[in-house]
Amino acid sequence: MDLDGKKILVTGAAGFIGSNLVSKLLTYDCKIIGLDNFSTGRREYIENFLKNQRFNLIEGDIRNFNLLQKKFTNIDIIFHEAALSSVIRSLEDPLSSHEVNVTGTLNLLLIAKELNVERFVFASSSSVYGETKTLPKQEDMPLSPFSPYGVSKLAAEKYVYSFYKIYGVNTVSLRYFNVYGPNQVASPYSGVISIFISRILQNQSPIIFGDGTQTRDFTFVKDVVEANLLAATKDTAIGRVFNIATGKRISIIELAQLILKLCNKSRIKIQFQPPRAGDILHSLADITLAKKFLNYFPQFDLQQGLKETIDWFQSKRTG
Ligand code: UD2
């Protein structure tokens, strides 16, 4: 399948991953509808897209089924990136995480079925695994998430699979592992890399929850975008679930030291606070399936990705 000539819906188009995806999609000859309710998305991320005739914005909420049904009549591909991400947010407000991540996804699946779309790509998460007995995490391992966020992503993923099996919707689920990069703003709910970079550039200590020995497989957003394009175009992807990661991990303490070094701020001391509730200890992906069925080969190692991300934060500060 080719993206050229397609009508594409991107939910969460003004969000971190959605905006990076739209930016890439605009290099193809396709029409894009961006849907966002701007609860966490940012208008500044889509300002440039709005100048392009091939991009249209619909402001709205994925929880509002009537709106979705009214606005969307003819769509070929849906990239469903809209979500209330963050484990922390889900601990504070599990109901909203459920409504957006589960009911919102079910609404979009119903639209996908009604419109008979060619492909539905779902942004799932490594959090569906919870703590596994062994590493790396493989797609067919038992899933036992314990944060409400992980549970909501797993429930949504199961709906996605159900719509593939029962109604024949051509779905693909991508389990993103700790995505970072440009357009991820630092907030209490954002990924650790954005928080560390933002603090360090303001000469503040990075704060580690726990002893810092917990590990993560950090994935650069441009690799995630590429995985989405492959998921939308490769027929071998249909009905499957894939880990999208690098297959390498780093501890949070090593991560803090690396960012301090790359920012030339190694003199800043790291601070420690008690471990965060809902946190798992280790996360590392096996990406064999994605390599085999998607032809997904990550292009950015952590150093490269961090440099691009730090540059983006710096340009934001000076711009
Ligand atoms: C989870 C998912 C990830 C994605 C994300 C969405 C796992 C393994 N990962 O990310 O795939 O879906 O949720 O939000 O389930 N930390 C600090 N200091 C800080 C901030 C974080 O030490 O200032 C620690 C935190 O305690 C954790 C690690 O850094 O051990 C990563 O935290 P995170 O919030 O970036 O991401 P995580 O793993 O909860």
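Summarised in this report is the structure supplied together with it. These numbers come from a predicted model, not from an experiment.

### Overview of the site of the ligand
Residues in contact with the ligand amount to 23 residues; listed here are only the nearest, Ser-125, Val-192, Ile-207, Arg-216 and Asp-279. Take Ser-126: an N or O atom from its side chain is 2.7 Å from an oxygen atom of the ligand. For the ligand, the protein covers 91% of the area, taking 750 Å² as the surface of the free molecule. When residues of the shell around the ligand are traced back to their parent elements, those giving at least two are helix 7 (192-201) and strand 8 (207-209). A breakdown of the residues in the shell around the ligand according to their chemical character gives twelve nonpolar, eight polar and three charged.

### A look at the environment of Gln-69
Among the structural elements, Gln-69 can be located in helix 3 (residues 65-71). With a relative accessible area of 33%, Gln-69 lands in the partly exposed category. Residues within four places of Gln-69 in sequence aside, it is in contact with Ile-111 and Glu-114. Looking at Gln-69, its side chain comes within polar contact range of the side chain of Glu-114, at 3.2 Å.

### A few points about the nonpolar core
Ranked by size, the top nonpolar core spans 48 residues in total, and within it Val-10, Leu-25, Phe-79, Leu-174, Phe-242, Ile-244 and Leu-294 carry the most contacts. With eight residues, the top contributor of residues to this core is helix 8 (residues 221-233). In terms of nonpolar packing, the next biggest core, distinct from the first, is built from 26 residues, Tyr-45, Ile-208, Phe-220 and Leu-260 among them.

### Topic: helix 2 (residues 43-50)
Considered for burial, the residues of helix 2 that qualify are Tyr-45, Ile-46 and Phe-49. Buried residues of helix 2 fall within an arc of 70° about the axis and therefore sit on the same side. Lining the buried residues of helix 2 we find helix 1 (16-25), strand 3 (55-59) and helix 11 (302-318).

### A look at the packing of helix 1 against helix 8
Their axes nearest at 9 Å, the elements helix 1 and helix 8 cross at an angle of 65°. Taken as a pair, helix 1 and helix 8 cross one another with a handedness that is right-handed. Across from Phe-16, Ile-17, Asn-20, Leu-21, Lys-24 and Leu-25 in helix 1, the residues of helix 8 making contact are Val-221, Val-224, Val-225, Glu-226, Asn-228 and Leu-229. When its residues are assigned to classes, the contact of helix 1 with helix 8 shows eight nonpolar, two polar and two charged.

### Observations regarding the pattern of salt bridges
In total, this model carries nine salt bridges according to the counting rule given. Residues Asp-235 and Arg-119 are paired through a salt bridge, measuring 2.9 Å at the closest nitrogen-oxygen approach. Here the residue Asp-235 occupies a position in the loop between helix 8 and strand 11 (240-244), and Arg-119 occupies one in strand 5 (residues 119-125), the gap between them amounting to 116 residues. By relative accessible area, which is 55% here, Asp-235 ends up exposed. Residues Arg-175 and Glu-157 are paired through a salt bridge, measuring 2.7 Å at the closest nitrogen-oxygen approach. Placement of Arg-175 in strand 6 (residues 171-176) and of Glu-157 in helix 6 (residues 148-167) is noted, with a sequence separation of 18 residues between them. Overlapping salt bridges, with partners in common, bring together Arg-216, Arg-276 and Asp-279 in one network.

The rules we used
- Residues numbered from 1 in each chain as written.
- Predicted model: local features only at pLDDT ≥ 70, side-chain atom pairs only at ≥ 80, totals over all residues.
- Heavy atoms only, no water.
- Near = heavy atom within 4 Å.
- Polar contact = N/O pair within 3.5 Å; in protein donor to acceptor, adjacent residues only side chain to side chain.
- Areas by Shrake-Rupley, 256 points an atom, 1.4 Å probe, with all protein chains shown as cover.
- Helix = DSSP H or I, 4+ residues; strand = E, 2+ residues; numbered from the N terminus.
- Nonpolar A, V, L, I, M, F, W, Y, C, P; charged D, E, K, R; others polar.
- Buried < 20%, exposed > 50% of the residue type's maximum accessible area, 1.4 Å probe, protein only.
- Contact = heavy atoms within 4.5 Å.
- Core = buried A, V, L, I, M, F, W, Y, C linked by side-chain atoms within 4.5 Å.
- Arc of directions from axis to C-beta.
- Axes fitted to C-alpha atoms, helices over the stretch in contact; angles between N-to-C directions.
- Left-handed = near helix turned anticlockwise from the far one by under 90°.
- Salt bridge = Lys/Arg side-chain N within 4 Å of Asp/Glu carboxyl O.

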